[in-house]
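# Observations on chain architecture
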Amino acid sequence: MSILETRPFHWPDEVACEQFAQALAACPQITDVSIELDGGLGAGKTSLVRHLLRALGVTGRIKSPSYAVVEDYQPPALKGLPAHHFDFYRFSDPREWEDAGFRDLFAAPGLKLSEWPEKAAGMLPPPDLKLHLDVNDDDSRAVRAEAHTPRGQSLLAELARRLSI
């Protein structure tokens with residue numbers, strides 16, 4: 001999987017994570033993009049997804065799809081397109097990929113957010129953007145954003161512009 005561009009970000013606290021999510025939600029490319037979230041337990045993957053979905057207008061409970069594998073949302077800001085939040089942590093059977101219709105979900109327009117993508121390696125299409133989250137000793141987060149497609153590169157440039165980086 002080729003990387004077209006990489007940019008570092010730093011989240012000193014939860015507020016910075018929320019601001020990052022709000023900037024991401026404001027990018028026009030967010031309506032039809034696949035984003036993979038990489039990081040260990042407690043790195044902030046689900047927190048970022050929650051902040052992003054809230055920034056896109058989702059109300060009500062936003063839960064981690066750890067057991068269901070996918071949760072679907074209809075964020076008002078996506079103008080009729082869906083948002084799918086995948087958590088492949090407990091994913092173990094490749095047949096589940098086909099049976100659950102995940103290929104169709106990834107092929108259709110909308111926002112796809114994937115936690116633990118390495119558990120579905122070989123089945124996921126290349127992401128537009130991959131976010132690597134690492135916890136620093138001071139509990140801040142080091143985030144490395146990688147654009148893997150021209151759409152991801154455009155999204156990353158817009159995100160950096162919105163965050164004035």
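Residues numbered from 1 in each chain as written. Predicted model: local features only at pLDDT ≥ 70, side-chain atom pairs only at ≥ 80, totals over all residues. Heavy atoms only, no water.

Bringing the environment of D139 into the picture now. Along the chain, the position of D139 falls in the loop between strand 6 (129-135) and strand 7 (141-147). Overall, the relative accessible area of 54% leaves D139 in the exposed class. As for D139 and E14, which are separated by 125 residues in sequence, their C-alpha atoms are 10.0 Å apart. (Helix = DSSP H or I, 4+ residues; strand = E, 2+ residues; numbered from the N terminus. Buried < 20%, exposed > 50% of the residue type's maximum accessible area, 1.4 Å probe, protein only.)

This next bit is on the pattern of salt bridges. Per the stated rule, a full pass over the model turns up seven salt bridges. Across the salt bridge formed by E158 and R162, the nearest N and O atoms sit 2.7 Å from each other. With E158 and R162 both in helix 5 (residues 150-162) and four residues apart, the pair spans about one turn of that helix. What you see here is one network of salt bridges that share partners, running through D32, K112 and R151. (Salt bridge = Lys/Arg side-chain N within 4 Å of Asp/Glu carboxyl O.)

This part covers the packing of aromatic side chains. According to the stated counting rule, one finds seven aromatic pairs in the structure shown. An angle of 10° between the planes, with centres 5.5 Å apart, marks the rings of F86 and F88 as stacked. You can call F88 buried: its relative accessible area is 0%. Ring pairing ties together the aromatic residues F86, F88, F102 and F106, which thus form one cluster. Directly above the aromatic system of Y89 lies the positively charged group of K119, at a separation of 5.2 Å from the ring centroid. (Phe/Tyr/Trp six-rings, centres within 6.5 Å; stacked < 30°, edge-to-face > 60°. Lys NZ or Arg CZ within 6 Å of the ring centre and 35° of its normal.)

Function cannot be read off these values alone, since they describe shape.
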